[in-house]
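Secondary and tertiary structure notes
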Amino acid sequence: MTPAETWMREAITLAAAAAGAGEVPIGCVVVHEPTGRIVGRGANRREADHDPTAHAEILAIRQAAQTLGDWRLEDTILAVTLEPCPMCAGVTASAASGAPGEASTWSPLSWRIA
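Described below are features of the structure shown in this document. The model shown is predicted, which means the values in this text are computed figures rather than measured ones.

Before going further, it helps to spend a moment on helix H1 (residues 3–20). Structural remark: α-helix, 3.6 residues per turn; residues separated by three or four positions point the same way. Relative to the 26 Å expected for 18 residues at 1.5 Å per residue, H1 spans 26 Å between its end C-alpha atoms, a close match to the ideal helical length. If you follow the buried residues of H1, they end up packed against strand E1 (27–32), strand E2 (37–43) and strand E3 (76–80). Trailing H1 by a residue or two, Gly22 shows a phi angle of about 85°, which is positive.

Right, dumping it as structure tokens:
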């Protein structure tokens, strides 16, 4: 199994947990790419938290920022079970440390934070 498959399996496990809690089944992990270490995990919690922003990606990005001690998530990648909504895509772009105007890129598996 490739590292990317391992990360996506973790995201799927988180999505299943969200579904079991009555949430929309979306899971996300943030990986520090140079080390392959998962630095943030999230599963949808909008219903549980009564919070419209408690999307899996937002929660995973918040945890990753705390873990790494920086809101700029350099050299990280998101593995997420569904293409991010506009809010989550915007937060992903905001966390990117690339040159001004440089966007994060989408692949079927992940968002790469520049």
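Let's pick the thread back up.
This next bit is on the side chain of Glu23. Topologically, Glu23 is positioned in the loop between H1 and E1. At 5.4 Å, Arg46 is the nearest oppositely charged side chain to Glu23, a buried residue that forms no salt bridge. A distance of 3.1 Å separates the side chain of Glu23 from the backbone nitrogen of Arg46, its partner in a polar contact. Side-chain polar atoms of Glu23 contact the backbone nitrogen of Glu47, separated by 3.0 Å.

With that settled, the discussion passes to the pattern of salt bridges. Tallied over the entire structure, the rule returns three salt bridges. Arg45 is paired through a salt bridge with Asp49; the nearest N and O atoms lie 2.7 Å apart. We note a salt bridge from Arg72 to Asp70, for which the minimum N-O separation is 3.9 Å. The class of Asp70 is partly exposed, set by a relative accessible area of 29%.

What counts as what
- Residues numbered from 1 in each chain as written.
- Predicted model: local features only at pLDDT ≥ 70, side-chain atom pairs only at ≥ 80, totals over all residues.
- Heavy atoms only, no water.
- Helix = DSSP H or I, 4+ residues; strand = E, 2+ residues; numbered from the N terminus.
- Expected span 1.5 Å × (residues − 1).
- Contact = heavy atoms within 4.5 Å.
- Buried < 20%, exposed > 50% of the residue type's maximum accessible area, 1.4 Å probe, protein only.
- Lys, Arg positive; Asp, Glu negative; His and termini not counted.
- Salt bridge = Lys/Arg side-chain N within 4 Å of Asp/Glu carboxyl O.
- Polar contact = N/O pair within 3.5 Å; in protein donor to acceptor, adjacent residues only side chain to side chain.

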